[in-house]
Amino acid sequence: RAKLDSIRFLSMLFNSRTHFRNLGSNFAFQIPASAKNRAGAAIEAGYNLLSGGKLERTKSFLPANPFGQLAKEARADWKEGGDLVPGTHYDTSNSRGLAAEVKPKANPFEHSKIPGLKQVGKLSLWNKNALAAEDNLFKSWIYSQSLAGYLKANGIKSISDADPQLLNRARNYAAQEALRNTFNDHNMVADAVASLGGWYHDSGNPFKIAAGTVVEGALPFKRTTANVAIRSTEYSPVGAIISLADAVYRGVTGT
């Protein structure tokens with residue numbers, strides 16, 4: 001199966017259009033995401049003012065000076081926080097633990113004696129790594145911007161000045177933003193969609209195995225697809241209504 005997937009994914013993804021779209025979608029989405037952050041920063045600042053400073057803010061209206069100490073430290077912090085931002089657009093695995101570490105790095109044709117197949121496996125791995133590098137280009141930028149913005153909004157001028165618990169919350173927020181803004185995040189809907197077809201892995205039922213294989217073949221990159229649909233809803237009038245209803249509910253219940 002691993003050999004089949006290696007050839008199948010190479011056939012689908014080894015195409016210049018795929019790489020341009022991967023870069024283009026990540027770049028284009030930063031425009032509405034940035035607008036959302038500016039609006040969110042204004043709302044948080046207003047609420048913080050009215051509540052007498054009770055809110056721990058997550059966004060600053062103006063980003064941290066890119067040449068300043070805080071921004072430089074946030075960019076360097078990617079080496080620490082990058083582990084919180086796993087996965088790529090084209091990751092089809094829901095594996096955890098050792099399997100999640102080993103599977104993406106394995107060449108299923110490593111010991112193949114058929115001429116050319118070792119090279120196919122290497123090319124497939126190279127292509128997957130290139131797509132991951134494209135995602136990480138944006139993830140690292142979003143992470144550092146979000147981390148610096150969180151700390152700046154709470155009056156921190158250097159990471160060394162931040163309370164460890166505050167820094168931990170800032171890192172988690174920055175990691176989640178990096179995942180969300182590159183369509184890689186885990187959420188209830190995306191997790192449910194990504195698991196479709198997964199029931200054949202440990203099933204002894206031939207019908208489940210066949211059905212699961214068909215689903216995997218037809219919809220190989222389900223998490224990204226689900227997250228694109230979720231972001232589209234969140235950034236639409238429907239998302240605005242849901243957010244408003246949530247805000248009213250939290251206000252009424254005092255949360």
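Basis of the calculations
Residues numbered from 1 in each chain as written. Predicted model: local features only at pLDDT ≥ 70, side-chain atom pairs only at ≥ 80, totals over all residues. Heavy atoms only, no water. Salt bridge = Lys/Arg side-chain N within 4 Å of Asp/Glu carboxyl O. Helix = DSSP H or I, 4+ residues; strand = E, 2+ residues; numbered from the N terminus. Buried < 20%, exposed > 50% of the residue type's maximum accessible area, 1.4 Å probe, protein only. Core = buried A, V, L, I, M, F, W, Y, C linked by side-chain atoms within 4.5 Å.

Caption draft 1: The pattern of salt bridges, seen in detail. According to the stated counting rule, one finds 11 salt bridges in the structure shown. For Asp5, the salt bridge is made with Arg8, and the minimal N-O distance between the two is 3.1 Å. Here Asp5 and its partner Arg8 are both found in helix α1 (residues 2-13), three residues apart, which amounts to about one turn of the helix. For Lys36, the salt bridge goes to Glu177, with nearest N and O atoms at 3.1 Å. Placement of the pair is Lys36 in helix α2 (residues 16-50) and Glu177 in helix α7 (residues 164-180), with a sequence separation of 141 residues. A relative accessible area of 24% means that Lys36 is categorised as partly exposed. Among the residues examined, Glu177 registers a relative accessible area of 5% and is labelled buried. By sharing partners, the salt bridges in this structure join Lys36, Glu177, Arg180, Asp185, Arg231 and Glu234 into a single network.

Caption draft 2: Expanded view of the nonpolar core. Among the nonpolar cores identified, the biggest contains 24 residues, and Leu70, Val85, Tyr143, Leu147, Leu151, Ile159 and Leu167 are the most heavily contacted of them. Elements with a contribution of two residues or more to this core: α3 (69-76), α6 (117-153) and α7. The element best represented in this core is α7, accounting for eight residues.

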